[in-house]
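Structure at a glance
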Amino acid sequence: MKAEDIFKDLIVRTVARLMVPFILLFGLYVLLHGHASPGGGFQAGVIIAAGFILMSLAFNMDELKRRVPLTFRLITGSFGPINYVVIGIACILSGGYFLQYGVVPLPSLAPADVSAVLISAVEIGIGITVLGMVTGMILSMTGGSDDHT
Amino acid sequence: MTDLASHLPVIVILLPLLAAYLTPVFGYKWKGSCVPVALAALSLNVIFSYLLILQVMEHGPIHYYMGGLPPPWGIELVVDYLAAYLCVIISFVTLMDAIFSKDFILRTLGERRRVYYYTLFLLLTGGLLGASCTGDLFNLFVCFEVIAISSYALVGIAGDGKGVLGAYKYLFIGAIGSSLMLLGIGHLYINTGTLNMADMVVRLVPIYISGAILAGLSLCVVGFSIKGGLFPLHIWMPDAYAGAPATVPVLSTLVIKVGALALIRLLFCVFRPPFITEVIPVTTLLTWLASAAIIICSIIAISQQDIRRMLAYSSAANIGYVFLGIGIATPLGLEGGMLHMLNHSFTKACLFMAVGAIISMTGIYNIRDFGGLSKRMPITMGAFTLAAFSMVGIPPTCGFMSKFFIAHAAIMSGTWIFAVVLLVSSLLNAIYFLRVVNTAYFGHPCDELKRNEAPLSMLVPMVIMAIGCVLLGVCVEVPLAVLRPAAQLLLGV
């Protein structure tokens, strides 16, 4: 039996297939509630990545590698911090301090709502970054990564 | 608030961090692009930190509230004289190191890893600048983690046995240091309910002599000493320095300076001088440890054959000078210690660049094989010799100035023994540095004497650093103009 076939039994596959949509949904919930309740980008990224990892364990590691290629991981890995800096600079350019979200003039929104929207935007960036990085770590550890030089 | 001048503290930190995340994205498509991105960010950073220090000199310390939240709640950046001074050093030395790395890393690591190298390099720079500028204890810890993780990876980036071993050792000791820092900061936070340094000063006064505060103080002192490489805790340095590509130790000399800065912040900004000098004499302990570092590490350095290990022990001895200056805790002593941060950064950067060029061009790192190097690489050896003179402390160079200040401070404060330590250490430094210079100029040449000088991108930063060693010794008043108010602010006189 090949190493990849260990988890290829009916129970693991069926449970994984059932659970993954809910894991992803829960991840999105944690992500979008991060500005107002416990949670946030990092946790959500880890939860969503866990869904991906469960899929790849139950089915095929190569599938994960194919769907999350190195380019994708590099770009997502950098997206969050760049997004964060861009939003921070936008606050400075709108006349506030760095990350003083309330001052950014978004149309038809009160300052508190602007903060909520922009914090969510930062959190979504962080979530995407963590998603890319955690998946990349799993691929590196299982030797499925293509970025060994 | 729209003028960018008032946002300089945050821009100085953000610029290298932003560039760090841009390099892998651009570097994936165009492998050469990491160099211009890094150089552009670091050059801008030099300009910005120069503007920052001008602003601080003119208006005094700058307080910047992240997110517009005032201090006890929000995170505050405080750029005082010392922080601005370190920002300038860090920006300048990292820029020179980045220029040097362009060809050096290409030769040692190849094109693909150079992208990762610059990513980590810029992250480390951002962490260093962040740790210098922050006014919040927990933020300081976070910046130290950014520094630590990127420097572990940088030490092991070559992926060979020595590099990985060095990184592993560094990781182990550094992780212990980080945990101690975190525990100590936790103790202080639980007892005062604040993480802001300026706020903590006020709240600490009534509860100074409680066990938890003292535990927090000692844990933090040990943690920062590990980061700063103070004597018994310097054991990560030799392996990490010898295993890493020679540009990484240049950054590492900055890391230990920031460790020393964190200790200064803790001892002089969070706890105040009468407490740490008289009630709990941490500073006395520091002076004795520093003296031990200076003497013992110099003696160990004499016995080294690998030049990188020799320089590592020399770094451990030199951080001893910085801690000795801090420990004397008079304005003059602090000035000397802080001046030595600058001088040692320049001198050691020059030495490591020269050694990097030698290893990269000839593959020699054993001191016995240095014979004839002065003919093969005259400019490199010239820079090395100049920096070595500065290390020993021969008068026109900058090394003399800081040693002179610290010795003067030791005599003025009545602790003669430390002046003797400095004198002895200068002799020991002369033994191990002049041995190298002697072998290179007058030693028996091993093989061919063909001129094999390093490329221009390595020579230029090296020579600038070497000239800096002399200029800083002659124009010592320039850094002192910043350091005098810095020392007064720290001691509260």
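Rules behind the numbers
- Residues numbered from 1 in each chain as written.
- Chains lettered and ligands numbered in written order.
- Predicted model: local features only at pLDDT ≥ 70, side-chain atom pairs only at ≥ 80, totals over all residues.
- Heavy atoms only, no water.
- Helix = DSSP H or I, 4+ residues; strand = E, 2+ residues; numbered from the N terminus.
- Rg over C-alpha atoms; globule rule 2.2 N^0.38 Å.
- Buried < 20%, exposed > 50% of the residue type's maximum accessible area, 1.4 Å probe, protein only.
- Contact = heavy atoms within 4.5 Å.
- Buried area = accessible area lost by both parts, 1.4 Å probe.
- Salt bridge = Lys/Arg side-chain N within 4 Å of Asp/Glu carboxyl O.
- Polar contact = N/O pair within 3.5 Å; in protein donor to acceptor, adjacent residues only side chain to side chain.
- Phe/Tyr/Trp six-rings, centres within 6.5 Å; stacked < 30°, edge-to-face > 60°.
- Bend = angle between axes of the 7 residues up to and from the residue.
- Disulfide = S-S within 2.5 Å.
- Core = buried A, V, L, I, M, F, W, Y, C linked by side-chain atoms within 4.5 Å.
- pLDDT = per-residue confidence, 0-100.

Along the backbone of chain B there are 20 helices and two strands. In terms of overall size, chain B behaves like a compact globule, its C-alpha atoms giving a radius of gyration of 21 Å where 493 residues would be expected to give roughly 23 Å. With the C-alpha coordinates aligned to their principal axes, the bounding extent of chain B is approximately 70 × 60 × 40 Å. Considering chain B as a whole, with its 493 residues, one finds that 62% of them fall into the buried category.

Counting residues at the interface gives 20 residues for chain B, matched by 21 residues for chain A. Both sides of the chain B and chain A interface together cover about 2,000 Å² of buried area, and 74% of this is carbon and sulfur. Per-residue buried area on chain B facing chain A is highest for Leu14, Tyr21 and Tyr28 of chain B; these three make up 25% of the total on that side. Run the count over chain B and chain A and you get zero salt bridges. The interface formed by chain B and chain A contains four residue pairs in polar contact (both at pLDDT 80 or more).

Turning next to the packing of aromatic side chains. A full pass over the atoms with the stated rule returns 24 aromatic pairs over all chains. Between Tyr168 of chain B and Phe172 of chain B the ring centres are 5.2 Å apart and the planes differ by 80°, which places this aromatic pair in the edge-to-face class. Of the two residues, Tyr168 of chain B and Phe172 of chain B are both situated in helix α6 (residues 161-192); the distance of four residues between them amounts to about one turn of the helix. One aromatic cluster in this structure is built from Tyr97 of chain A together with Tyr64 and Tyr65 of chain B.

In helix α3 (residues 81-109) of chain B, a bend of some 45° at Ser101 of chain B exceeds every other bend along the element. Once α3 of chain B finishes, Gly110 of chain B follows within two positions and takes phi at roughly 90°, a positive value.

With that out of the way, let us pick up the state of the cysteines. Residues and elements named next belong to chain B. Under the definition given, this model contains zero disulfides over all chains. Considering cysteine sulfurs only, Cys469 is the nearest to Cys398, which forms no disulfide, with 4.6 Å between them. The closest cysteine sulfur to the non-disulfide-bonded Cys475 is located on Cys398, 11 Å from its own sulfur. With relative accessibility at 35%, the residue Cys475 sits in the partly exposed group.

Attention shifts here to the environment of Pro273 of chain B. Residues and elements named next belong to chain B. Of note, Pro273 is situated in helix α11 (residues 273-279). Using a relative accessible area of 9% as the deciding quantity, one classes Pro273 as buried. Other than its neighbours up to four places away in sequence, Pro273 contacts Phe268, Glu278, Leu490 and Leu491.

A few words on the side chain of Asn139 of chain B. All names here are of chain B. Among the structural elements, Asn139 can be located in helix α5 (residues 137-155). Of the residues examined, Asn139 reaches a relative accessible area of 18% and is grouped as buried. Not counting chain neighbours up to four residues away, the residues in contact with Asn139 comprise Ile75 and Thr134.

Take the nonpolar core next. Grouped together as the largest cluster of nonpolar side chains are 202 residues, with contacts concentrated most on Phe268, Phe271, Met338 and Phe384 of chain B. Non-local contacts of Phe384 of chain B, meaning those with residues more than four positions away in its chain, are made with Ile307, Leu351, Ala354, Val355, Val436 and Val437 of chain B.

Residue and element names in this part refer to chain B. Predicted confidence across chain B gives a mean pLDDT of 89, with 99% of residues reaching 70 or more. Of all secondary-structure elements in chain B, the lowest mean pLDDT belongs to α11, at 80, while α5 reaches the highest, 93. Note on the complex model: pTM 0.92, ipTM 0.85.

Another point: unusual backbone geometry. Residue Leu99 of chain A is not a glycine yet carries a positive backbone phi of 70°. Inspection of the secondary structure puts Leu99 of chain A in the loop between α4 (70-93) and α5 (111-141). At Ala329 of chain B, a residue that is not glycine, the phi angle is positive and equals roughly 60°.

Moving on: the pattern of salt bridges. Residue and element names in this part refer to chain B. Summed over the entire model, instances satisfying the criterion amount to eight salt bridges over all chains. Among the salt bridges present, the one from Asp239 reaches Lys169, with a minimum N-O distance of 2.5 Å. Remark: Lys169 occurs in helix α6 and Asp239 occurs in helix α9 (residues 237-243); sequence separation between them is 70 residues. A salt bridge links Arg203 to Asp199; its shortest N-O distance comes to 3.4 Å. Remark: Asp199 and Arg203 occur in helix α7 (residues 197-204); sequence separation between them is four residues, near one turn of the helix. Residue Arg203 is classed as partly exposed on the basis of its relative accessible area of 40%.

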